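# Remarks on the overall topology
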Amino acid sequence: MKLLVTGGAGYVGSVCAAHLAEAGHEVVVLDDLSTGHRDAVPDGARFVEGNLAEIAGTVLGEGGFDGVLHFAARSLVGESVVHPELYWDNNVVAALRLLEAMREHDVPRIVFSSTAATYGEAEQVPILESSPTRPTNPYGASKLAIDMMLTSYATAYGLAATSLRYFNVAGAHGRYGERHTVETHLIPIVLQVASGHRESVAIYGDDWPTPDGTCVRDYIHVEDLAEAHALALANAAPGRHSIYNLGSGQGFSVKEVVEACREVTGHPIPSAVAPRRAGDPAVLIASSAAAAAALGWQPTRTDIRTIVGDAWRFTQDRLPV
Ligand code: UFG
């Protein structure tokens with residue numbers, strides 16, 4: 001298939017673009033490099049630099065596209081609270097421009113990078129796709145708005161659409177991995193301590209209602225995620241919008257993640273308990289039963305040491321210790 005990958009110079013986008021190119025698809029990456037990296041665009045993909053909202057029509061106008069994988073977005077929860085306009089504009093408005101360009105140029109299918117943040121505080125775990133969607137920040141709200149947009153386009157225009165709601169993405173795929181300029185995610189921060197680029201890690205609260213008092217998350221390997229995108233693309237059907245949670249179905253606490261990082265790196269990784277971070281839910285664990293049933297998807301890299309180990313290899317390659 002000929003595929004447009006928006007945000008294909010970012011973390012999850014570059015890994016998925018690499019998978020699709022390796023599987024023989026013709027891949028065009030569109031990215032404005034605001035947070036992505038030019039050298040993360042996979043070999044074998046064509047790169048177009050530019051603003052999605054402005055040039056989606058021009059890029060798709062060259063014709064022949066079979067689908068779009070849409071990753072380009074702002075994705076920092078804290079930033080979304082302070083500057084919501086960036087999220088409504090870069091996420092929601094840009095997605096609308098993209099869908100309109102797809103409609104104009106007869107592009108039949110889209111796989112969209114949605115998030116567990118659409119659910120907000122979960123009433124029960126594991127979280128099902130039928131759980132209430134009550135996002136607690138503009139980031140989650142912007143992704144939920146796009147999910148709703150996709151439902152309406154599937155109904156009105158016969159678009160084949162799939163939203164994949166990721167839980168905590170981690171790990172790396174060879175030279176493609178996580179390298180945000182502003183890093184807020186647990187595993188990369190802990191590995192910065194292990195590689196000597198940070199003194200210690202702050203554990204945001206140890207008085208949560210969880211077994212060891214620290215927050216529990218469902219970590220999903222980015223390669224498992226990439227496989228889900230390929231399956232979603234193959235299973236898309238005209239006029240249908242499907243939504244699937246993607247997680248490993250198991251939870252690891254912050255303390256367990258730090259301990260796994262100590263094992264993998266051999267570094268003592270000093271840590272200190274800090275106040276809770278605003279907006280953090282205590283426990284987020286996915287039910288991915290729907291993705292298993294409909295797509296035949298099964299995550300295979302679910303051991304936290306495997307996930308951390310791949311991220312650590314990537315970190316060492318980039319920041320030699
Ligand atoms: N944490 C720490 N110390 C740190 C960083 C994180 O203790 O220095 C804790 C957080 O409080 C949280 C856990 O580690 O309990 C995981 O935090 P991350 O920032 O790595 O990930 P989140 O669970 O906050 O965020 C993820 C995705 C978001 C998505 C969100 C849905 O990365 O994009 O899940 O709730 F919006």
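Preceding this section is the structure that the text describes.
This section reports on the structure supplied with the text. (Residues numbered from 1 in each chain as written. Predicted model: local features only at pLDDT ≥ 70, side-chain atom pairs only at ≥ 80, totals over all residues. Heavy atoms only, no water.)

### Digging into the overall build of the chain
Per the secondary structure count, the chain includes 10 helices and 13 strands. Over its C-alpha atoms the chain spans a radius of gyration of 19 Å, differing by no more than 12% from the 20 Å that the globule rule assigns to 321 residues. Taken along the three principal axes of its C-alpha coordinates, the chain extends 55 × 40 × 40 Å. Pairs at least 24 residues apart make up 78% of the contacts formed inside the chain by residues separated by at least 6 positions. Split by element, the accessible area of the chain, about 13300 Å² in all, is 52% carbon and sulfur. Distance between charge centroids for the chain: 1 Å, based on 23 positive and 37 negative side chains. (Helix = DSSP H or I, 4+ residues; strand = E, 2+ residues; numbered from the N terminus. Rg over C-alpha atoms; globule rule 2.2 N^0.38 Å. Contact = heavy atoms within 4.5 Å. Areas by Shrake-Rupley, 256 points an atom, 1.4 Å probe, with all protein chains shown as cover. Lys, Arg positive; Asp, Glu negative; His and termini not counted. Charge placed at Lys NZ, Arg CZ, Asp CG, Glu CD.)

### Here we look at the packing of helix α1 (residues 11-22) against helix α7 (residues 222-235)
Two elements in contact, α1 and α7, have axes separated by 9 Å at closest approach and are oriented at 60 degrees. For the element pair α1 / α7, the angle class is oblique. Considering the relative orientation of α1 and α7, their crossing is right-handed. Residue-level contacts link Y11, V12, V15, C16, H19 and L20 of α1 to V222, E223, L225, A226, E227, H229, A230 and L233 of α7. Looking at side-chain class alone, the contact of α1 with α7 contains 10 nonpolar, two polar and two charged residues. (Axes fitted to C-alpha atoms, helices over the stretch in contact; angles between N-to-C directions. Parallel < 35°, antiparallel > 145°, perpendicular 65-115°, else oblique. Left-handed = near helix turned anticlockwise from the far one by under 90°. Nonpolar A, V, L, I, M, F, W, Y, C, P; charged D, E, K, R; others polar.)

### What to know about the sheet that holds strand β4 (residues 67-70)
Strands sit in the order β3-β2-β1-β4-β5-β6-β11 across an open sheet of seven strands; the sheet is parallel. In this open sheet, the two strands that pair with only one neighbour each are β3 (46-49) and β11 (241-246). Across the sheet, the axes of successive neighbouring strands diverge by a mean angle of 20 degrees, strand direction being ignored. Two elements, strand β5 (residues 109-115) and strand β6 (residues 160-166), share seven bridges in a ladder whose sense is parallel. Bridge pairing in β6 places T115 opposite Y166. (Pairing = 2+ DSSP bridges.)

### Structural notes on the packing of helix α4 (residues 84-104) against helix α5 (residues 138-157)
Where α4 contacts α5, the two axes come as close as 9 Å, and the packing angle between them is 15 degrees. Classed by the angle they form, the pair α4 and α5 counts as roughly parallel. The chirality of how α4 crosses α5 is right-handed. Contact with α4, carried on its side by P84, Y87, W88, N91, V92, A95, L96, L99, E100 and R103, involves P138, Y139, A141, S142, A145, I146, M149, L150, Y153 and Y157 of α5 and no other residues of that element. Within the contact of α4 with α5, the residues separate by chemical class into 16 nonpolar, two polar and two charged.

### Some words on the nonpolar core
Counting 35 residues, the largest nonpolar core has V12 and L246 as its most contacted members. Listed by contribution, the elements that provide at least two residues to this core are β1 (2-6), α1, β2 (26-31), β6, α7, β11 and α9 (289-295). For L246, the residues in contact, after removing those within four places along its chain, are L164, R165, Y166, F167, I220, L225, A228, A286, S288, A291 and W297. (Core = buried A, V, L, I, M, F, W, Y, C linked by side-chain atoms within 4.5 Å. Buried < 20%, exposed > 50% of the residue type's maximum accessible area, 1.4 Å probe, protein only.)

### Some words on the pairing of β1
For β1, a buried count of five out of five residues is recorded, marking the element as mostly surrounded by other parts of the structure. With burial as the criterion, each face of β1 is covered, one bearing K2, L4 and T6 and the other bearing L3 and V5. Alignment of β1 against β2, held across five bridges, turns out to be parallel. Considered in β2, the bridge of L4 is made with V28. Read from β1 through α1 to β2, the crossover connection turns out right-handed. Inspection of the sheet shows β1 paired to β4 by four bridges, in the parallel sense. Counterpart to T6 in the pairing with β4 is H70. (Right-handed = clockwise from strand over helix to strand, strands pointing away.)

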